[in-house]
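Chain residues, written in single-letter form:
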Amino acid sequence: MEQLRLEPINQVNGSITLPGSKSLSNRILLLAALAKGTTVVENLLDSDDIRHMLGALKLLGVDVSLNDDKTVATVKGVGGQFLTPAEPLFLGNAGTAYRPLTAVLAAVKGNYELIGEPRMEERPIGHLVDALQALGGDVRYLKNKDYPPLKIVGGQINGGSVAIDGSISSQFLTALLMAAPLFNGDTNITIKGTLVSKPYIDITLDVMARFGIVVTHDDYKTFTVTGAQQYQAVERIMVEGDASSASYFVAAAAIAGGEIEIKGVGAKSVQGDIGFAKVMEQVGAKIDWYDERLVVRKGQLKGVDIDANAIPDAAMTLATVALFADGPTAIRNIYNWRVKETDRLHAMATELRKVGAEVVEGEDFIEITPPKHFNDVAIDTYDDHRIAMCFAMVAIGGKPITINDPKCTYKTFPTFFNVLASISN
Ligand SMILES: O=C(O)C1=C[C@@H](OP(=O)(O)O)[C@@H](O)[C@H](O)C1
Ligand SMILES: C=C(OP(=O)(O)O)C(=O)O
């Protein structure tokens, strides 16, 4: 197995430009493919999750051309007329590809099989499939009930009233919303349970609006989408920098001395994970906010007790910032960490303890007391990009650490360790 040794870093300094947002890239690619007309997508993320969406679109007969560094895509929309692919669509472990494609393919004519990596077969999708089946969709499990892989015979959905469980993943509602304009009739969606990861729904609504579809909702409780609509191509659309990826650099500047300018997200971001920078201000970071960039400096870091349901991805970074705070940190309301790339609650607790922290792992929370002494250990990353990236903060805090399988960062941020090195002294 490959390992990356990170030696202690004393200071971080400089300016970085974030790669494009994963959440925006995959939503935009799918809607551009469904639209009528050609869309040019700029600042597209080049990473595994996007590659899986692009691979699926190619098999569905969508003409997408990329520039040399794969950050500009020209998508010739097929107006909702996909080809039946010659082979199953392999979507890796990309939730933002698997869930939206499930709903969209249930709504357009054709026969589809959606497969993924072994971990994808352990990530639930039953709440979305239940809603699609309730609307008349023909979606079947190929192995275990409620989990991928799936077989879909598309084109059978009329719309109507439907309830969807929002308590495990917002991606199910995102998927249903993106597909609903393609249903034959209007759809009224009611949320069952408490909707988690709510800000991701704002990203979905924002991107749908950019492609010409307006969704109305009543404080995120019921959503209404008009049926038999067509997405409209956007001549040029720019993907914002990834706010979850920004979290590592906000944290790095807050932990180490020096100053980092982070270009690509700021006060105007549509991504909920920008909220991590607000949490870091509570922790003690000094942040200057601009519309599309942040400038971050170190402060006296204190432990906080936060509800992180709105920022599940960036909150993992807080768990390693906690190693350098002057008291315990609690991160709450994060049950769905357990159903992502790995069981993140258990994995984070295990690895934080290896470093020397005292950790309480609750069913839906984690409490971290900083180590009295740091152990120089190798961090297991469980094929989870965010574990690899957030444990790099240990080196930023001046303690040596080894990251096992560092290339797992390719899921969303292939250049992460190079960018980190570029600001490290
Ligand atoms: O819609 C999206 O782009 C995402 C929603 C979140 O998932 P959940 O809604 O499952 O928490 C987040 O963790 C994921 O990385 C991206
Ligand atoms: C949970 C994540 O990914 P996915 O889109 O596969 O759910 C993530 O990127 O942290």
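Basis of the calculations
Residues numbered from 1 in each chain as written. Chains lettered and ligands numbered in written order. Predicted model: local features only at pLDDT ≥ 70, side-chain atom pairs only at ≥ 80, totals over all residues. Heavy atoms only, no water. Pairing = 2+ DSSP bridges. Helix = DSSP H or I, 4+ residues; strand = E, 2+ residues; numbered from the N terminus. Axes fitted to C-alpha atoms, helices over the stretch in contact; angles between N-to-C directions. Contact = heavy atoms within 4.5 Å. Salt bridge = Lys/Arg side-chain N within 4 Å of Asp/Glu carboxyl O. Buried < 20%, exposed > 50% of the residue type's maximum accessible area, 1.4 Å probe, protein only.

**Some details on the sheet that holds strand S11 (residues 187–192)**
Then step 1. Reading across the sheet, the four strands line up as S10-S11-S13-S12 and stay open at both edges, with mixed pairing between neighbours. Only two strands of the sheet have a single partner each, and these edge strands are strand S10 (160–165) and strand S12 (216–218). Direction aside, neighbouring strands of the sheet carry axes that sit 20 degrees apart on average.
Then step 2. As paired strands, S11 and strand S13 (residues 222–225) are joined by four bridges and run antiparallel to one another. Residue threonine 190 lies in a different strand from S13, and its bridge partner there is threonine 222.
Then step 3. Across the sheet, helix H5 (residues 171–179) lies against S10, S11 and S13, angled at about 160 degrees from S10, the strand it touches most.

**Some remarks on the pattern of salt bridges**
Side chains that differ in sign of charge can pair as their charged atoms come close.
Then step 1. A full pass over the atoms with the stated rule returns 27 salt bridges.
Then step 2. Measuring nitrogen to oxygen at the nearest pair gives 2.8 Å for the salt bridge that ties aspartate 48 to arginine 51. With a gap of three residues between them, aspartate 48 and arginine 51 both fall in helix H2 (residues 48–59), about one helical turn apart.
Then step 3. For arginine 51, a relative accessible area of 47% translates into the label partly exposed.
Then step 4. For aspartate 288, the salt bridge is made with arginine 297, and the minimal N-O distance between the two is 3.3 Å.

**Structural notes on the pairing of strand S17 (residues 293–297)**
Then step 1. The sheet contact formed by strand S15 (residues 257–263) and S17 spans five bridges and is antiparallel. Bridge assignment links lysine 263 to a residue of S17, and that residue is arginine 293.
Then step 2. Relative to S17, strand S16 (residues 286–289) runs antiparallel, the two sharing four bridges. The residue of S17 that forms the bridge with isoleucine 287 is valine 296.

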